[in-house]
Amino acid sequence: MKTYFDADASLDVLRNQTLAIIGYGNQGRAQALNLRDSGLRVIVGNLRDASATQAEKDGFPVLSIDQAAEQGDVLALLIPDEVQRKVYDDVISKRLRPGQTLDFATGYNIHYGLIVPPKTVDVIMVAPRMMGAIVRESFERGEGSPAFVAVAQDATGQALRKALAWSMGIGATRAGAVETTFAEETELDLFQEQAFWPMFFRAMLESYQFLVDKGFPPEIVTMEMYGTGEASEIFGEMARQGMFKQMRLHSPTSRFGTLSGAQALPFGNQMRPFMEEALARIRDGRFAKEWQREQEAGYPVFKKLLAQAEAHPINEVEERMHRLLKFKLE
Ligand code: NDP
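Here we summarise the structure given alongside this text. (Residues numbered from 1 in each chain as written. Predicted model: local features only at pLDDT ≥ 70, side-chain atom pairs only at ≥ 80, totals over all residues. Heavy atoms only, no water.)

### Notes on the nonpolar core
If you look at the biggest cluster of nonpolar residues, it comprises 33 residues, and the most contacted ones within it are L14, L19, I21, L35 and W166. If you tally residues by element for this core, the top one is helix 8 (residues 159–170), at 6 residues. Ranked by size, the runner-up nonpolar core spans 26 residues in total, among them L75, L77, V121 and A127. (Core = buried A, V, L, I, M, F, W, Y, C linked by side-chain atoms within 4.5 Å. Buried < 20%, exposed > 50% of the residue type's maximum accessible area, 1.4 Å probe, protein only. Helix = DSSP H or I, 4+ residues; strand = E, 2+ residues; numbered from the N terminus.)

Next comes the structure, spelled out in structure tokens:
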């Protein structure tokens, strides 16, 4: 496993290139601003709407996506993953010329073959492990935030150098740009979303419901579980110190309870079949196909799930909890 830092990268390979940011959203805005502050030439390709106005306000030349695809040497597809394929097929693919670079912030569309670029272009990934606002803020603080970098196709022999230059331009090599593959990044990302977070969410909801059923006031339950921000502090300390090392911050009673409870958990191993199935569905493309069908059908299941989540009584309980406390984590 290799991590690249500033000393391993150089902006030179991108200096005489035009960097086209396609999509001025979370990642688009942050990366565009950082790249320009790094002295590189950046243009923006966007639909004519609020994001385009923002990009103009930020001082970028804003073009239509087809114009940006023509003028850019590197085209960073920073539009939502679900629309990338259509925008690529309808607008970008016919304008690609040999030697251009396609840059992605996640491996999804390339990994699943939803976008198949011609062999004459470089295909790279610089995937920040952080939301766009933090990519920008950490850059401004001089720190940067980590990213995964990968090369799917090296037509020019310069693809990795370009990926590292891009990483340097957005500040990622200050913190560490870790080399990976499109497959690994995609599978890990999806596994986190489809196995880890569901188990975590379900554990929270089951605990919440159990305690409410046992007569505990729901506001106090949500406050205890995550409302005060202690849970997010614990996650922060896990990142800073380590999962077990952060336990030093907790009382012996807490540590004993957590460690002994985790060992005693009767269904620890039973999570494995769920994880096996989730990873299998990710790897053999069943999830990608299901998600594709869902998009084509107008998101019927997704809409139902969102409606169920919005209708969950915990939403109302959280409002009451905030009023009770006059406190909200900033
Ligand atoms: P956003 O949802 O913030 O980006 C939206 C941008 O895409 C806007 O400029 C929007 O235009 C444009 N857009 C939306 N729909 C269309 C369309 N149909 N045609 C053309 N343009 C469209 O995306 P993110 O920044 O969240 O994600 C971009 C990429 O970065 C994705 O690949 C994502 O997986 C990856 N990524 C995102 C992270 C994050 O922090 N969110 C973290 C790491 C990677 P407008 O709004 O003007 O209509």
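There is more to say, and it comes next.
### Points about the site of the ligand
Neighbouring the ligand are 23 residues; Q27, N46, D49, S51 and D81 lie closest to it. For the ligand, an oxygen atom lies 2.8 Å from a polar atom in the side chain of N46. Alone, the ligand offers 900 Å² of accessible surface; in the complex the protein occludes 72% of this. Put simply, the parts of the chain that give the shell around the ligand at least two residues each are helix 2 (26–37) and helix 5 (81–92). It is helix 5 that provides the largest number of residues to the shell around the ligand, a total of 4 residues. Residue composition of the shell around the ligand, grouped by class: 12 nonpolar, 9 polar and 2 charged. (Near = heavy atom within 4 Å. Polar contact = N/O pair within 3.5 Å; in protein donor to acceptor, adjacent residues only side chain to side chain. Areas by Shrake-Rupley, 256 points an atom, 1.4 Å probe, with all protein chains shown as cover. Nonpolar A, V, L, I, M, F, W, Y, C, P; charged D, E, K, R; others polar.)

### Structural notes on the packing of aromatic side chains
If you walk through the whole model with that rule in mind, you get 10 aromatic pairs. Linked through ring pairs, F196, W197, F200 and F235 together constitute an aromatic cluster. Above the ring of F60, the side-chain terminus of R36 is found at 4.0 Å from the ring centroid. The residue whose ring lies beneath R174 is F139, and the NZ or CZ to ring-centre distance is 4.2 Å. (Phe/Tyr/Trp six-rings, centres within 6.5 Å; stacked < 30°, edge-to-face > 60°. Lys NZ or Arg CZ within 6 Å of the ring centre and 35° of its normal.)

### Looking at the packing of helix 10 (residues 182–213) against helix 11 (residues 218–227)
Where helix 10 meets helix 11, the closest approach of the two axes is 9 Å, and the angle between their N-to-C directions is 145°. As helix 10 packs across helix 11, the resulting crossing turns out to be right-handed. Contacts between helix 10 and helix 11 involve M204, S207, Y208, L211 and V212 from the former and P218, V221, T222, M225 and Y226 from the latter. (Axes fitted to C-alpha atoms, helices over the stretch in contact; angles between N-to-C directions. Left-handed = near helix turned anticlockwise from the far one by under 90°. Contact = heavy atoms within 4.5 Å.)

### A word on the pairing of strand 6 (residues 101–104)
Here strand 6 shows two buried faces, one formed by T101 and D103 and the other by L102 and F104. By the bridge criterion, 4 bridges tie strand 5 (residues 74–77) to strand 6 in an arrangement that is parallel. The residue bridging V74 from the neighbouring strand is T101, located in strand 6. This β-α-β element, strand 5 to helix 5 to strand 6, shows right-handed connectivity. (Pairing = 2+ DSSP bridges. Right-handed = clockwise from strand over helix to strand, strands pointing away.)

### A few points about the sheet that holds strand 2 (residues 18–22)
Within the open sheet, the 9 strands sit side by side as 1-9-8-7-6-5-2-3-4. Their pairing is mixed. Since the sheet does not close on itself, it has two edges, and those belong to strand 1 (3–4) and strand 4 (62–63), each with one partner. Pairing geometry for strand 7 (residues 122–128) and strand 8 (residues 147–153), over 6 bridges, is antiparallel. Among the inter-strand pairings, A127 is bridged to a residue of strand 8, identified as F148.

### Section: the environment of V151
Of note, V151 is situated in strand 8. The class for V151 is partly exposed, based on a relative accessible area of 33%. It is 45 Å that separates the C-alpha atoms of V151 and M223, two residues lying 72 residues apart in sequence. Beyond its immediate stretch of four places on either side in the chain, V151 contacts V123, I124, A159, L160 and F182.

### Quick notes on the side chain of E185
By the element assignment, E185 lies in helix 10. At 2.8 Å, the side chain of E185 forms a polar contact with the backbone nitrogen of G107. Residues in contact with E185, not counting those within four places in the same chain, are A105, T106, G107, M125, A127, R129, F148 and T180.

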